[in-house]
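Notes for the structure review
Next come the chains, spelled out residue by residue.
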Amino acid sequence: MFDSTVISLFQDILKCVGRTPSNGKRKGGIKVHTVINVDEPVPKMVWFTSAATHDHALLKKLSPDDNTIYVFDKGYNDYKAFKLFGKKGAGFVTRIKDDAVYKVEQELHVEECIHSGVLEDTIIEVTVKEDDGQGKLMLRKVVFYDRVLKRKFEFLTNLFDLRPDMIAALYKIRWQIELLFRQLKGNFPLKYFLGDNENAIKIQVYCALIVNLLLTVIQKRLKRPWAFSNLVSFCRIHLFNYLHLIKFLENPERDWQRDDQDLEMLTLFRGAYF
């Protein structure tokens, strides 16, 4: 899965996006393009651009792997890239743009499944603008009605062998990357920056990603259940305290007791015991 999120900056360090406010002042913004595996809660790849950079610029950085399905939002629609996905043996699932131009080639039979939600399943043909002219590309369009959200979705994919309701299910798991963005912005200081240049801002974002990775590993190792936000708050409070983090988190009610190895480490701090 891949997507992007925008972090607003306090001044126009990186080109912003959106309308100009009434006061004439526009804040800068950094766009964090992120790729994650579906079974991993941490990023696989991160790329920074200004907020004004279009999402589909990430497709030029991405090298599709064979036997892999990529799920992304319609902001990444690029027929030229979709053709490359097919050549590399990679699949994709996305949403079709509202103003997309295509030709219906074949209407596929939709099985009588009351709970499936599939309204339409068709094979379409789109025009691909390439350097040496124009080409044609065959894709699949699935129309799905979500009874929970009470919304109709139109999906675009090059997976012709999967059931149409599986296409909708694949796109639904894309919400996992939105949860990652919410976790990063909600638990780490990405509203106030220590530096006022592009490099300093990128370093601070990278530091937040590294801490997020470390705390995710710690949370997975713990037998005691901890909410991620509580774990972050605890580490922030005890950042300058010397204690064995794993032992304390496993049994925070019990006073932390130092063993011989801990005492040897404490002698490095001029004999000052905490």
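Here, the structure is the one placed above.
Residues numbered from 1 in each chain as written. Predicted model: local features only at pLDDT ≥ 70, side-chain atom pairs only at ≥ 80, totals over all residues. Heavy atoms only, no water.

1. Notes on empty space enclosed by the protein
This structure, assessed with the given rule, holds one cavity of 30 Å³ or more. Thr5, Ile7, Val32, Thr34, Phe181, Leu184, Lys185, Leu190, Val205, Ala208 and Leu209 together form the lining of the largest cavity. Elements with a contribution of two residues or more to the lining of the largest cavity: β1 (2-8), β2 (29-35), α4 (175-187) and α5 (198-221). (1 Å grid on protein atoms, 1.4 Å probe; cavity = no way out; pocket = protein on both sides within 12 Å on 5 of 7 lines; lining within 4 Å. Points joined across faces, edges and corners; volume = space filled by probe spheres on them. Helix = DSSP H or I, 4+ residues; strand = E, 2+ residues; numbered from the N terminus.)

2. What to know about the nonpolar core
Counting residues in hydrophobic clusters, the biggest one holds 42 residues, and the most contacted among them are Phe155, Val205 and Leu215. The leading source of residues in this core is α5, at six residues. In contact with Leu215, other than residues within four places in its own chain, are Phe188, Phe228, Leu231, Val232 and Cys235. (Core = buried A, V, L, I, M, F, W, Y, C linked by side-chain atoms within 4.5 Å. Buried < 20%, exposed > 50% of the residue type's maximum accessible area, 1.4 Å probe, protein only. Contact = heavy atoms within 4.5 Å.)

3. Comments concerning the layout of surface pockets
One number sums up the size of the largest pocket: a volume of about 530 Å³. Listing elements by their share of the lining of the largest pocket, those giving two or more residues are α5 and α6 (228-237). Considered class by class, the residues forming the lining of the largest pocket number 14 nonpolar, four polar and one charged. The calculated volume of the second largest pocket comes to roughly 420 Å³. Looking at the lining of the second largest pocket, the elements with two or more residues in it are β8 (133-146), β9 (151-157) and α3 (164-172). With five residues, α3 is the single largest residue contributor to the lining of the second largest pocket. Looking at the lining of the second largest pocket residue by residue, the class counts come to nine nonpolar, no polar and six charged. (Nonpolar A, V, L, I, M, F, W, Y, C, P; charged D, E, K, R; others polar.)

4. Details of the packing of α5 against α6
Running from amino to carboxyl end, α5 crosses α6 at an angle of 115°, the nearest separation of the two axes being 11 Å. On the basis of the axis angle, α5 is roughly perpendicular to α6. In terms of crossing hand, the pair formed by α5 and α6 is right-handed. The residues of α6 that touch α5, namely those facing Asn212, Leu215, Thr216, Ile218 and Gln219, are Phe228, Leu231, Val232 and Cys235. In terms of residue class, the contact of α5 with α6 is built from six nonpolar, three polar and no charged. (Axes fitted to C-alpha atoms, helices over the stretch in contact; angles between N-to-C directions. Parallel < 35°, antiparallel > 145°, perpendicular 65-115°, else oblique. Left-handed = near helix turned anticlockwise from the far one by under 90°.)

5. As for the packing of aromatic side chains
Any pair of aromatic rings gets described here by the distance separating the centres and the angle formed by the planes. Tallied over the entire structure, the rule returns 17 aromatic pairs. Summarising the aromatic geometry, the rings of Phe82 and Phe92 are spaced 4.2 Å apart at their centres and angled 20° between planes, so their arrangement reads as stacked. Of this pair, Phe82 sits in helix α2 (residues 79-87) while Phe92 is found in strand β5 (residues 91-95), placing the two residues ten residues apart along the sequence. Both residues of the pair, Phe82 and Phe92, belong to the buried class. Chaining the aromatic ring pairs together yields one cluster made of Phe2, Tyr70, Phe72, Tyr76, Tyr79, Phe82, Phe85 and Phe92. (Phe/Tyr/Trp six-rings, centres within 6.5 Å; stacked < 30°, edge-to-face > 60°.)

6. Focus: the side chain of Asn187
Relative to the helices and strands, Asn187 is located in helix α4. Looking at Asn187, the relative accessible area reads 14%, which means it is buried. Looking at Asn187, its side chain comes within polar contact range of the main-chain oxygen of Gln183, at 2.9 Å. The contact partners of Asn187, leaving out residues within four places of it in the chain, are Phe228, Ser229, Val232 and Arg236. (Polar contact = N/O pair within 3.5 Å; in protein donor to acceptor, adjacent residues only side chain to side chain.)

7. Description of the sheet that holds strand β7 (residues 118-130)
Remark on secondary structure: sheet strands pair via backbone hydrogen bonds, oriented parallel or antiparallel. Strand order in this open sheet of six strands is β4-β5-β9-β8-β7-β6, and the pairing throughout is mixed. What marks the edges here is a single partner per strand, and that holds for β4 (69-71) and β6 (103-107). Between one strand and the next, the sheet's axes are offset by a mean angle of 30°, whatever the strand orientation. The pairing of β5 with β9 spans three bridges and is antiparallel. Looking at the pairing, Thr94 lines up with Leu156 of β9. Most of the contacts of α2 go to β7, to which it runs at about 105°, and overall it touches β4, β5, β7, β8 and β9. (Pairing = 2+ DSSP bridges.)

8. Comments concerning the sheet that holds β2
Pairing in this open sheet of three strands is antiparallel, and the strands run β1-β2-β3 from one edge to the other. Either end of the sheet is taken by a strand with one partner, and the two such strands are β1 and β3 (45-50). Here the average twist between neighbouring strands, direction ignored, is 25°. Two strands pair when backbone bridges link them, and β2 and β3 are joined in this way by six bridges, in the antiparallel orientation. Its bridge partner being in β3, Thr34 is matched across the sheet by Val46.

9. What about the pairing of β1?
With five of seven residues buried, β1 lies mostly within the body of the structure. Relative to β2, β1 runs antiparallel, the two sharing seven bridges. Looking across to β2, one finds that Ser8 is bridged to Gly29.

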